[in-house]
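What follows is each chain in one-letter form.
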Amino acid sequence: MQSNVVRLQPHLLRAAHLRVLVAAVDQAQMAFDDAEVLVAAGRFFGRDAFSSADTLQHWLDEHDAHAQFLPWLLWDANGGADAIDVPQHQLVKRLRRQFRSGPEKSVLKALCATRPDVYAVAAVDGKTTTMERLRDRVEIVVHEPVLRSMAAVGEVFVARVVEVGGLHLLDAVHASLPAICRPAMLRVAKRLEAMPSERRLPTLLNAASRSLNRVRPTPTRFAGPAGRMRWTMVFAVDDAERVQEALRRATLEGQLARLAPNRFAVLDPTLGPIGATLRLSGTRFFAATSAPGGVTRLRSGLPPLIGLQPQATLVRDLEPLFDARRRSEWSSSELQSVAREWMGECLTAFQDTAQPWLDGATPREAVRTADGRIRVKAWLSHVEVVGEVAGPGYNTAVQRLWRELADA
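This write-up is about the structure you can find in this document. Here the residue index of a chain counts from 1 through its sequence in written order. Confidence filtering applies because this is a predicted model: local features only for residues at pLDDT of at least 70, side-chain atom pairs given and counted only at 80 or more, and all residues used for totals across whole chains, interfaces and linings. By convention in this description, side-chain values take in all heavy atoms of the structure and omit both hydrogens and water.

Partly exposed residues are those whose accessible area sits between 20% and 50% of the maximum for their type, while under 20% is buried and over 50% is exposed, using a 1.4 Å probe and protein chains only. Put simply, DSSP marks the helices as runs of H or I at least four residues long and the strands as runs of E at least two long, and each gets a number from the N terminus on. Most of helix 4 (residues 66-75) is tucked away: ten of the ten residues are buried. Among the residues making up helix 4, those that are buried are His66, Ala67, Gln68, Phe69, Leu70, Pro71, Trp72, Leu73, Leu74 and Trp75.

What follows is the structure in structure tokens.
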């Protein structure tokens, strides 16, 4: 009997964590009118206090900062030693009155004690992910299905990992960086313990932004940044049926194309040759794109469509797909999975999508000229490099696509 309880523990705690998280976000957003919250938000963003809840909400939407600001407000915003009315304490008091079950109380207590830190993905195995905390090299096994399907070994996260009864759960990913950013983030991670809790997250986010800006790839003529980076937004789902209905409605209205029962392509010509895909999986919803600027359009367009706010945005360096010397960094199954997803987006509606590198023409229009044929062929040759990883059927599809365009 005891063994059954042990096996259920991760599921019970993950469910309790989701309930507490949803309620906490609701409480935080309802407190945007409080003067103390508007002042605290100003401290977090390094500016004057916000004048109103609407102004703060607009700022969060514009900067995609919900996944950074809300956890900080809930768990870190202590207001300094002289604070009389601390927003964090008021919000937690309301949550304590709301939750009475053992798992929920344990999760809430653990959240209050958790601070953001810097982690590197050491291994992904089944339903668990091993993460190395950079500041002390401690390895932590995290029970989180999101990481199983998204994390790549070597990636660096600014994240919150909550420990509840010996079990580690991923609470939030505030920033995601490619492995090349590790040395820079290690330097700041070693200074964390000396920092006040309120300054940890802003310091880490500033360091992550600087590090990522230093390693952004130089655009190539055909691929642009789309050839090297992929952004994935993660949403927590508390009502899967409502999200499925929103996706079905958007498909009927021509905004999405259904690729599989719970997987969709975004039909937005401004996303370029590589589009965006949406995927619903249990209590998580994923929106991914490699299109330059695509993540900005997804951030503004998806919340009204599905009624959810993103909990995290992860950035993945796709260089191993294009450089055979770096493919050993990923497992073969991981390489193939990412390559197939990339190829699927790349080839969706490619023929009739206007491309910036074709001066706004579609490939079907461009192949009518000699210069256009050279450009389209060069782009498809670039895609075939990834097709070698995705599998023989994908390069066959590329070749069939080229024959269709050439014949036209």
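With that out of the way, let us pick up the nonpolar core. Among soluble globular proteins, nonpolar side chains are generally buried collectively. Of all hydrophobic cores here, the largest spans 59 residues; its most connected members are Phe32, Leu56, Phe69, Leu73, Trp75 and Met185. In terms of residue count, helix 1 (residues 2-30) provides more of this core than any other element does, eight residues in total. The residues touching Met185, leaving out its near neighbours within four places in the chain, are Val118, Leu134, Val156, Val158, Leu204, Ala207, Ala208 and Ser211. Within the second largest apolar cluster, 29 residues are counted, among which are Leu321, Trp357, Trp379 and Leu401. We define a nonpolar core as any set of buried Ala, Val, Leu, Ile, Met, Phe, Trp, Tyr and Cys residues linked to one another through side-chain atoms lying within 4.5 Å. In what follows, residue pairs with any heavy atoms lying within 4.5 Å of each other are defined as contacts.

Before going further, it helps to spend a moment on the packing of aromatic side chains. We call Phe, Tyr and Trp rings a pair once their centres come within 6.5 Å, taking the six-membered ring for Trp, and we label the pair stacked below 30 degrees between planes, edge-to-face above 60, and tilted otherwise. Under the defined criterion, the tally for this structure stands at ten aromatic pairs. On the numbers, 4.9 Å between centres and 85° between planes, the contact of Phe44 with Phe45 is edge-to-face. By relative accessible area, Phe44 is classed as buried at 9%. Each residue in the set Phe32, Phe44, Phe45, Phe50, Trp59, Phe69 and Trp72 is aromatic and connected to the rest through ring pairs, giving one cluster. Cation over ring: Arg47 sits above Phe50, and NZ or CZ is 3.8 Å from the ring centre. Two thresholds decide whether a charge sits over a ring: the Lys NZ or Arg CZ must be within 6 Å of the ring centre and within 35 degrees of the ring normal. The ring of Trp59 has Arg47 sitting right over it, with the charged end atom 5.1 Å from the ring centre.

Positive phi, normally seen in glycine, also occurs at Arg137, with a value near 65°. Mapped onto the elements, Arg137 comes out in the loop between strand 2 (128-133) and strand 3 (138-143). With relative accessibility at 58%, the residue Arg137 sits in the exposed group.

Right, let's get into the side chain of Ser176. Among the secondary structure elements, Ser176 is positioned in strand 5 (residues 167-177). Residue contacts for Ser176: discarding those within four places in its chain leaves Glu155, Val156, Phe157, Thr313, Leu314 and Val315.

The next subject is the pairing of strand 4 (residues 156-164). Among the nine residues in strand 4, eight count as buried, and that is most of the element. For two strands to pair, DSSP has to find at least two bridges joining them. In this structure, strand 1 (residues 117-125) lies alongside strand 4, joined through four bridges in antiparallel fashion. In the sheet register, Tyr119 faces strand 4, and the bridge partner there is Phe157. As defined by bridge partners, strand 4 adjoins strand 5 across nine bridges and the pair is classed as antiparallel. Opposite Val161, over in strand 5, you have Leu170 as the bridge partner.

What follows covers a positive patch on the surface. Within this analysis, patches are made of residues with over 30% relative accessible area and no salt bridge. Like charges are joined at 9 Å or less; nonpolar side chains (Val, Leu, Ile, Met, Phe, Trp, Tyr) at 5 Å or less. Each accessible area is a Shrake-Rupley estimate made with a 1.4 Å probe; only the visible protein chains count as cover when residues are assessed. Only one rule defines a salt bridge in this text: a Lys or Arg side-chain nitrogen within 4 Å of an Asp or Glu carboxyl oxygen. Just so you know, the count uses Lys and Arg for positive and Asp and Glu for negative, and it drops His and the chain ends. Note on charges: their place is set at NZ of Lys, CZ of Arg, CG of Asp or CD of Glu. Together, Lys93, Arg97, Arg100 and Lys105 line one region of the surface with positive charge. Summarising the element assignment, Lys93 is placed in helix 5 (residues 87-98).

Our focus in this paragraph is helix 10 (residues 240-252). Helix length check: helix 10, at 13 residues, gives a terminal C-alpha distance of 18 Å against a target of 18 Å (1.5 Å per residue), a fit within 8%. Those residues of helix 10 not exposed but buried are Val243, Ala246, Leu247 and Ala250. Looking straight down helix 10, one finds that the buried residues subtend no more than 95° of arc, so they occupy a single side. Facing away from the buried side of helix 10 by over 90 degrees, the exposed positions are Glu241 and Leu252. If you follow the buried residues of helix 10, they end up packed against strand 7 (256-260), strand 8 (263-266), strand 9 (276-281), strand 10 (284-289) and helix 11 (294-306). At the exit of helix 10 stands Gly254, carrying a positive phi of roughly 85°. Given the number of residues in a helix, its expected span is that number minus one, multiplied by 1.5 Å. The arc under discussion is defined with respect to the helix axis, by the directions toward the C-beta atoms.

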